[in-house]
Structure formats: structure tokens, C-alpha cells
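Structural characterization, general
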Amino acid sequence: MVRDSHTSWIPPNHPRKESLLIRERLVDGFEEGYVAAQGLIAHGRGECFDYLIGESSISSALTAERVAVAALLTAKHPVISVNGNTAALVPKQIVELARLVNAKLEVNLFYRTREREELIVRVLKESGAEEVLGVGDDASCVIPELFSERRRVSCRGIYTADVVLVPLEDGDRTEALRRMGKTVIAIDLNPLSRTSRAASITIVDNVVRAIPNMVRFADEMRTMSRDELISIVKGFNNEENLRAALMFIRDRLTELINKGITLEFHKV
Ligand code: ATP
Ligand code: MG
């Protein structure tokens, strides 16, 4: 797959280079047919919140990422849900995380077509995945009270999972999964979305940073005792953690307001 077809125009010293390269990965995924057009818009909403947090992993996010890894490591039946944006942005890292925490990978799409499902399976398999659930007839179980295509899930995957990691989720499904009694880990840059407010563990961070951080934590935490991991999960309060993310944004904006916002230009 050609992944750098659009990137040659980006000057190496461009101040927004990283962000532009990420966009190009999504555009490539869109042109290859597995990122939905709506996924491109959703990314823009995420970028806006990333600007507000300073485009780095804030400390409350790092805490939530560690707690999420502890929840995955202690789960009986952990599942990682993958959509088009996640497959475009962190394909190798999501496969690596699934391997480290012994979770199943499942394709789950809001705009589901057989072609998009299969393209995502191909991306994941090229990134090292052995099995990917949720494709075609495998998605034959139904999440109650949910009306989008996201309600169709694998009976061996999300349907029976006790812990589900849902990067870039929609609010309806997060709520429905919670009502089914599952621990839902969401990655969402918007601390105010319904997803963020409904999840059990919300990671307010960009998936491009959150998943690699979680891979690192999973590698470090694998040797911890079960009791230690359980106490990490028990000591977490999502309401407090979300409050910390909002306070971070508030304080950062206050600092910017006090320090001055406009860029300085010097005549030469
Ligand atoms: P909800 O359905 O939870 O109320 P929403 O309708 O506002 O949320 P959606 O369009 O359903 O939003 O989902 C997109 C969400 O994904 C947004 O909240 C956005 O902040 C988040 N998002 C997009 N790209 C990223 C990214 N790269 N990393 C983390 N979060 C992201
Ligand atoms: Mg939504």
C-alpha cells in the first residue's frame, strides 16, 4: 500500500508537519476505501480538542492509559474494537497492543460495508494480526437498543467481552455497551462527548499517542501481580479524571490569555 503518496509537498520544517502527515494517512485510507468520509470530519473535531490540550499526552491521560492497560490485563475476555480511522492511524500499534494484553481484535464500523470490513482486515493482517473478528456472518450478535450498523458484533468478540477498548467511539454504542455491564475504555480527544462521559475509563488523548503509550505500559505492566493491577483499576475515578482534563484545558487557556496570544514579528 502506498502510504506516502501525498506527503512530498510537506516541507520538512513545516511547523504543523506531524499533524499534516497524520491527515495524509487518513486521506490515503479514504482513497483506499476503508476510511469513511465522515471519519475525516470526525478527525477534524478531534484535532480541535488536540489543539486545546497542546497536542501532547497530558498527565490525566497517561493515568487513564495505565488504568486501561491494567483493566485489559486483568480482563477475562478483552476485545479491541477497530474502525477505519484507527486502522489508518495506528495499525501496527493496535495489533501489538492486542498481542501484549491478549485481546481479540474486532472490526466495528458505523458505516459498514463488506468491502470496508475486508479492507480493514487486510490492513490489520498486513500489520501482523492473526485473527480479526466481526466480519460478514461473524457479526451475527446484536447489541440491544442500538440502531446503527455498529449494533452488529461478533458473538465471540464484543458481545461476550467483559472489557472493550473502543478508540473513536460513538456515544450511543458506548452507552449501550455500559448498559450490558461491560467495562468500556474510550479514547476520545473531546472530554465533553457522550462517549467520554459514558465510558468507564476515558482517555482524553489522540489515538496516535494513546495507543503507542499503552503498548509501552502493557510491556512494563505485564509482570505486575494480578492484585496490584486490580488495585490500579479500583483506585480510578473517571469523573475525577475527566475533571482533571477539563481543568488542564482551563488552566492552559488562562495561561495563554495572561501571557499573550499573538505571534511577534521583527522587521529585518
Ligand atoms: P458522541 O457520539 O460521543 O457524542 P460526537 O458525536 O461529538 O461524540 P463523533 O463524530 O461521534 O463525535 O466521534 C468522533 C469523536 O472522535 C470526537 O469526539 C473526536 O473528538 C474524536 N476523535 C477524532 N479523531 C481522534 C483522534 N485521532 N484521537 C482521539 N479522538 C479523536
Ligand atoms: Mg456521535
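**Focus: the packing of aromatic side chains**
- Going through the model one piece at a time under the given rule, you end up with one aromatic pair.
- In this structure, Arg66 packs its charged tip against the face of Phe217, placed 5.5 Å from the ring centre.
- For the cation-ring pair, Arg216 lies above Phe217, with the distance from its terminal atom to the ring centre recorded as 5.3 Å.

**A short note on the site of ligand 1**
- In the neighbourhood of ligand 1, 18 residues make up the surrounding shell, with Arg45, Gly171, Asp188, Thr195 and Asn206 lying closest.
- Within the backbone of Gly171, one N or O atom sits 2.8 Å away from an oxygen atom of ligand 1.
- Where the shell around ligand 1 is concerned, the elements lending two or more residues are α2 (37-53) and α8 (194-198).
- The greatest single-element share of the shell around ligand 1, amounting to four residues, is contributed by α2.
- Here the residues of the shell around ligand 1 are counted per class, giving five nonpolar, seven polar and six charged.

**Quick word on helix α11 (residues 238-259)**
- Helix length check: α11 (22 residues) gives 31 Å between terminal C-alpha atoms against 32 Å at 1.5 Å per residue, within 8%.
- For α11, the full list of buried residues reads Asn238, Asn241, Leu242, Ala245 and Ile249. Along α11, the residues classed as buried sweep out an arc of 110° about the axis, all on the same side. Turned more than 90 degrees from where α11 packs its buried face, Glu239, Glu240, Glu255, Ile257 and Asn258 sit exposed.
- Those residues of α11 that are buried lie in contact with α2, α3 (59-74), α8 and β8 (201-203).
- Capping of α11 at its N-terminal end is provided by Asn237; its side-chain oxygen lies 3.0 Å from the backbone amide nitrogen of Glu239.

**Observations concerning the environment of Ile80**
- With respect to the secondary-structure elements, Ile80 resides in strand β1 (residues 78-82).
- Exposure remark for Ile80: the relative accessible area of 0% places this residue in the buried category.
- Residues Ile80 and Asp137, 57 residues apart in the sequence, show an inter-C-alpha distance of 19 Å.
- Dropping the residues within four chain positions of it, Ile80 is found in contact with Ile94, Leu97, Ala98, Ala103, Lys104, Leu105, Glu106 and Leu165.

**Description of the sheet that holds strand β2 (residues 104-107)**
- With respect to topology, six strands assemble into an open sheet ordered β3-β2-β1-β6-β7-β8, the strand pairing being parallel. Each edge of the open sheet carries a strand with a single partner, namely β3 (132-133) and β8.
- As paired strands, strand β7 (residues 183-187) and β8 are joined by three bridges and run parallel to one another. Its bridge partner lying in β8, Ile187 is registered against Ile203.
- The strands touched by α3 within the sheet are β1, β6 (163-167), β7 and β8, with β8 carrying the most contacts at an inclination of about 135°.

**Re the pairing of β1**
- Of all five residues in β1, five are buried; the element is thus mostly enclosed.
- Here β1 shows no split at all, with Pro78, Ile80 and Val82 on one side and Val79 and Ser81 on the other all buried.
- With three bridges joining them, β1 and β6 adopt parallel strand pairing. Opposite Ile80, over in β6, you have Leu165 as the bridge partner.

**Let's talk about the packing of α2 against α11**
- In contact at an axis separation of 8 Å, α2 and α11 are set at 65° when each is read in the N-to-C sense. Residue-level inspection shows Tyr51, Leu52 and Ile53 of α2 in contact with α11, the latter providing Phe248, Ile249, Arg252 and Leu253.
- When the residues that make up the contact of α2 with α11 are grouped by side-chain class, the tally is six nonpolar, no polar and one charged.

**Considering a nonpolar patch on the surface**
- A grouping of Leu253, Leu256, Ile257 and Ile261 is seen on the molecular surface, where their side chains present a nonpolar patch of about 370 Å² in accessible area.
- Inspection of the secondary structure assignment puts Leu256 in helix α11.
- Accessibility expressed as a relative area gives 30% for Leu256, which makes it partly exposed.

**Here's the deal with the pattern of salt bridges**
- Applying the stated rule across the entire model yields 20 salt bridges.
- In this structure, Arg209 engages Asp50 in a salt bridge whose closest nitrogen and oxygen atoms are separated by 2.7 Å. Of this pair, Arg209 sits in helix α9 (residues 207-221) while Asp50 is found in helix α2, placing the two residues 159 residues apart along the sequence. For the pair Arg209 and Asp50, one class covers both residues: buried.
- Connected via shared salt-bridge partners are Arg112, Arg114, Glu117 and Glu118.

What counts, and where the lines are drawn
Residues numbered from 1 in each chain as written. Chains lettered and ligands numbered in written order. Predicted model: local features only at pLDDT ≥ 70, side-chain atom pairs only at ≥ 80, totals over all residues. Heavy atoms only, no water. Phe/Tyr/Trp six-rings, centres within 6.5 Å; stacked < 30°, edge-to-face > 60°. Lys NZ or Arg CZ within 6 Å of the ring centre and 35° of its normal. Near = heavy atom within 4 Å. Polar contact = N/O pair within 3.5 Å; in protein donor to acceptor, adjacent residues only side chain to side chain. Helix = DSSP H or I, 4+ residues; strand = E, 2+ residues; numbered from the N terminus. Nonpolar A, V, L, I, M, F, W, Y, C, P; charged D, E, K, R; others polar. Expected span 1.5 Å × (residues − 1). Buried < 20%, exposed > 50% of the residue type's maximum accessible area, 1.4 Å probe, protein only. Arc of directions from axis to C-beta. Contact = heavy atoms within 4.5 Å. Pairing = 2+ DSSP bridges. Axes fitted to C-alpha atoms, helices over the stretch in contact; angles between N-to-C directions. Patch = residues over 30% accessible without salt bridge, like charges linked within 9 Å, V, L, I, M, F, W, Y side chains within 5 Å. Areas by Shrake-Rupley, 256 points an atom, 1.4 Å probe, with all protein chains shown as cover. Salt bridge = Lys/Arg side-chain N within 4 Å of Asp/Glu carboxyl O.

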